[in-house]
Amino acid sequence: MDLGNLMASDPTHHFESVPSSRFELTRACLEKGTELVQAIANAVFALPSTDDPDGPIVRLPPPTTTLPREKHLPKPKPPTKWELFAKMKGINKHKKDKRVFDEQTGTWKRRHGYDRVNDDKDIPIIEAKLSDEPGEDPFSKRKAEKKQRVEKQEKNRLQNLKQAAKAGALPSHVQLAATALPITGTLGEAPKKASKEELQNVAGMAATATASGGKFDKKLPGEKLAKHAGKYRKFLPVVEGKGMSSQEKQQTAKILDQLMSKSCHGMLDVNKAVTMFNVKKEKQRKKEKEHKTSSAASKLKPKKKSLKKSSKKKH
Amino acid sequence: MLVMPTSRNHLMLRRQRRRRLPLTMLKIKTPKTQRAKREVEKRAPKLVESGKKTLILHGTKTSDVLNTVLTQIYHLKRDNAVKYTKKNENIRPFESGGETSLEFFSLKTDCSLFVFGSHSKKRPNNLVLGRMFDHHIYDLVEVGVDNFRPMESFEYDKKLTPRIGSKPFFAFVGEGFESVEELKHLKEVLLDLFRGEVVENLNLAGIDHVFVCTALSSSTVFFTHCALRLKRSGTAIPRMELVEVGPSMDLVVRRHRLPNDSLKKEAMKTTNGQPKKKIKNVSSDVLQGKIGKIYIPDQKVGGIALSNDVKGLKRERREARKTKVVGENEAKKRKTASK
């Protein structure tokens, strides 16, 4: 019997044969039910009751059957940075009055809000110190300092909330929302600004999405033509002229050559090898000639930068 | 306000520009109105929890019987239940992916109990009773409804109708509720579903109704709802009489899913071990009731300056003016006299 839940169960009951008719079944069940309910009522009415205009009120004991919770237990908030510091230093909190006496005006003013004590904006005169520069505006400086302090405080508050969120104890009315996805890698800096040339090319790039490749689009005044106007496909002539070797045959031969050369690794391209060899030889001969006929003029000649890739590799 | 462009100002501006894009930016969101704040705080996890809310919905296909069952359960739990009328195709509580919609609804309506009805050839008149922990599914019991009799089919004295929100009695008859695991689970879920709020003080005049569950076999439970009539008996304790009032049905347990152990441990954690906060300074008296003491520190009457809004100043000023006038008159008289 669980009084807290007003529940009673009878484990001893056992139906030897389930009554066939519905009516019999309900009757039997209600009989058993009545017994149990009477037992609970006896226990409940036996509890000490207090009188109330609505009726007698009894104090129920806490329920014995444990049922699972709806939500997790609230976790205690981790102490903030200031709280830790204050605890270490032994600084205690003192309750502050809402009204404070203002020395300047000699009246009682409120601490926070409209017409408050020690307002930063109310200072009429700031005396110049020796450390001040002549061109500086002290009022705006004070404003900027206050703004900085406020920003710092906001940052600290965010850090404290992040710590609380990590411990799973974020206050219920606060949500931390990410406003931007974290950027990782070398491109973590500010997004690159589009250069003037890029911007000029953008319209042309977008125009290539049309069916005619942007060839017949109206141009704005001052807009330059796209670099490669129109489409990129080249169709072979339907009727071939005399004297030309079959272009279609050339095209297919070119494709085949490329495929074959890619697939056969390690095999020597004879023509290429021969030309490379010849070129090297000629260079050597040239050098030898130069060495033989070395003169001051040749020495003073500026060194020719060779545009070949292999030379770059050496450096 | 004019800001003189000096070298220092430029530096500050440049620093600000660089700071504008940190790697992760988080924003603190708080509710802007007090009402929203109160709603959010109502839904926050508490040490001692109040009653659970129920979400009643149905799947793609429902039968007539099932519709009536769902509406009658909703009527039984009117104050703390939410009933959805649309059909939900993508909710399949027992499948791993089919619970996301349920969890979303639970989050939005703040309901931790749900009753999901569906009807198919394989499982006719199917009810899935489930519970949530932290808006994720905790456990489920799938039950089929047989021999349903709605509330309207019962005839009884209208004065006996139980009122919404009154705390019900529970009677579980049968050894099956202790021995068979599925029936044990069903017992727990039914208790949770119909219990209402956990209260400390019960008004004995408000005892209205009882839920009677009888284990007919190892998989069937006869569930019925009766009103209580308290009859006068010789002793102070009244005699109970059950009058069948509410829906009655046979529940056939089909499937059930128990929570995994770690989740169960997490959900069963209570604060019973910790000492309760002691309320200081409050005592109760037989004659006066609840009394408390207020301590006022000594006022430094001489030290504080006079505030503007003290009414007593008026009388002082008035009297001061009077004496001044009298004094002036006297001075005049003296002058005239001296002349």
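Look up a bit, the structure's there.
These numbers were taken from a predicted model, which means no experiment stands behind them.

The rules we used
Residues numbered from 1 in each chain as written. Chains lettered and ligands numbered in written order. Predicted model: local features only at pLDDT ≥ 70, side-chain atom pairs only at ≥ 80, totals over all residues. Heavy atoms only, no water. Pairing = 2+ DSSP bridges. Helix = DSSP H or I, 4+ residues; strand = E, 2+ residues; numbered from the N terminus. Buried < 20%, exposed > 50% of the residue type's maximum accessible area, 1.4 Å probe, protein only. Lys, Arg positive; Asp, Glu negative; His and termini not counted. Salt bridge = Lys/Arg side-chain N within 4 Å of Asp/Glu carboxyl O. Polar contact = N/O pair within 3.5 Å; in protein donor to acceptor, adjacent residues only side chain to side chain. Contact = heavy atoms within 4.5 Å. Core = buried A, V, L, I, M, F, W, Y, C linked by side-chain atoms within 4.5 Å. 1 Å grid on protein atoms, 1.4 Å probe; cavity = no way out; pocket = protein on both sides within 12 Å on 5 of 7 lines; lining within 4 Å. Points joined across faces, edges and corners; volume = space filled by probe spheres on them. Nonpolar A, V, L, I, M, F, W, Y, C, P; charged D, E, K, R; others polar. Expected span 1.5 Å × (residues − 1). Patch = residues over 30% accessible without salt bridge, like charges linked within 9 Å, V, L, I, M, F, W, Y side chains within 5 Å. Areas by Shrake-Rupley, 256 points an atom, 1.4 Å probe, with all protein chains shown as cover. Charge placed at Lys NZ, Arg CZ, Asp CG, Glu CD. Phe/Tyr/Trp six-rings, centres within 6.5 Å; stacked < 30°, edge-to-face > 60°. Lys NZ or Arg CZ within 6 Å of the ring centre and 35° of its normal.

**Q** Which residues make up the pairing of strand 5 (residues 107-110) of chain A, and what values go with them?
**A** Pairing of strand 4 (residues 99-102) of chain A with strand 5 of chain A, which is carried by four bridges, proceeds in the antiparallel orientation. When the bridges of strand 5 of chain A are listed, F101 of chain A appears paired with W108 of chain A.

**Q** Run through the side chain of K77 of chain B, naming residues and quoting values.
**A** Residue and element names in this part refer to chain B. Relative to the elements of secondary structure, K77 occurs in the loop between helix 3 (64-76) and strand 3 (81-87). Buried charge without a salt bridge: K77, with D192 as the nearest opposite-charge side chain at an N-O distance of 7.8 Å. Among the polar contacts made by the side chain of K77, one reaches the main-chain carbonyl oxygen of L193 at a distance of 2.8 Å. Beyond its immediate chain neighbours, meaning those up to four positions away, K77 contacts K52, T54, L113, L193 and F194.

**Q** Can you tell me about the sheet that holds strand 3 (residues 57-59) of chain A, naming the residues and giving the values?
**A** Here three strands make up an open sheet; going across it, the order is 2(A)-3(A)-8(B) and the pairing antiparallel. The sheet terminates laterally at strand 2 (49-50) of chain A together with strand 8 (201-203) of chain B, the two strands that pair on one side only. Pairing of strand 3 of chain A with strand 8 of chain B, which is carried by three bridges, proceeds in the antiparallel orientation. In the strand pairing of strand 8 of chain B, V58 of chain A is matched with L202 of chain B.

**Q** Quick rundown of the nonpolar core? Include the residues and the values.
**A** The tendency in soluble globular proteins is for nonpolar side chains to be buried as a group. Grouped together as the largest cluster of nonpolar side chains are 36 residues, with contacts concentrated most on V115, L127, L186, L190, F194, F223 and L251 of chain B. The greatest single-element share of this core, amounting to seven residues, is contributed by helix 6 (residues 181-194) of chain B. Residues contacting L251 of chain B, with those up to four places away along its chain left out, are V143, G144, V145, L190, S219, T220, V221 and F223 of chain B. The next biggest cluster of nonpolar side chains, apart from the first, holds 23 residues, and it includes L36 of chain A together with L204, M240 and L242 of chain B.

**Q** Describe in detail the layout of surface pockets, supporting the description with residues and values.
**A** Here the second largest pocket defines a volume of roughly 1,300 Å³. If you go around the second largest pocket, you meet 37 residues; those closest to its centre are P63 of chain A together with V48, E49, V198 and N272 of chain B. Grouping the constituent residues of the lining of the second largest pocket by class yields 15 nonpolar, 10 polar and 12 charged.

**Q** If you had to explain helix 6 of chain B to someone new, which residues and values would you point to?
**A** Residues and elements named next belong to chain B. With 14 residues, helix 6 should reach 20 Å at 1.5 Å per residue; the first-to-last C-alpha distance of 20 Å fits that figure. Among the residues of helix 6, L183, H185, L186, K187, V189, L190, L191, D192, L193 and F194 are the ones counted as buried. In the stretch just after helix 6, G196 is the one whose phi turns positive, near 85°.

**Q** Talk me through a positive patch on the surface; I want residue IDs and the actual numbers.
**A** On the surface, a cluster of positive charge is made up of K314, R315, R317, R318, R321, K322 and K324 of chain B. Position of R321 of chain B among the secondary structure elements: in helix 8 (residues 312-338).

**Q** Tell me about the packing of aromatic side chains, and name the residues and values.
**A** Residue and element names in this part refer to chain B. This structure, assessed with the given rule, holds 11 aromatic pairs over all chains. On the numbers, 6.1 Å between centres and 50° between planes, the contact of F104 with F105 is tilted. On the basis of relative accessibility, which here comes to 47%, the residue F104 falls in the partly exposed class. Through successive ring pairs, a cluster of aromatic residues spans F170, F172, F177, F194, F211 and F223. Across from the ring centre of Y156, 4.6 Å away, lies the NZ or CZ of K158, which sits over that ring. The ring of F94 carries the charged tip of R255 above its face, separated from the ring centre by 4.2 Å.

**Q** Quick rundown of empty space enclosed by the protein? Include the residues and the values.
**A** Residues and elements named next belong to chain B. One pass over the full model with this rule turns up one cavity of 30 Å³ or more. Residue lining of the largest cavity: I73, L127, L129, L190, L193, F194, F223, M249 and L251, and that is the complete set. Those elements giving two or more residues to the lining of the largest cavity turn out to be strand 5 (126-133), helix 6 and strand 12 (248-257). Taken together, the residues of the lining of the largest cavity sort by class into nine nonpolar, no polar and no charged.

**Q** Talk me through unusual backbone geometry; I want residue IDs and the actual numbers.
**A** Of note in this structure, N118 of chain A is not a glycine but carries a positive phi near 55°. One can find N118 of chain A in the loop between strand 5 and helix 3 (138-166). Not every positive phi belongs to a glycine, and D110 of chain B is a case in point at roughly 60°. With respect to the helices, strands and loops of the structure, D110 of chain B is situated in the loop between helix 4 (100-109) and strand 4 (113-118).

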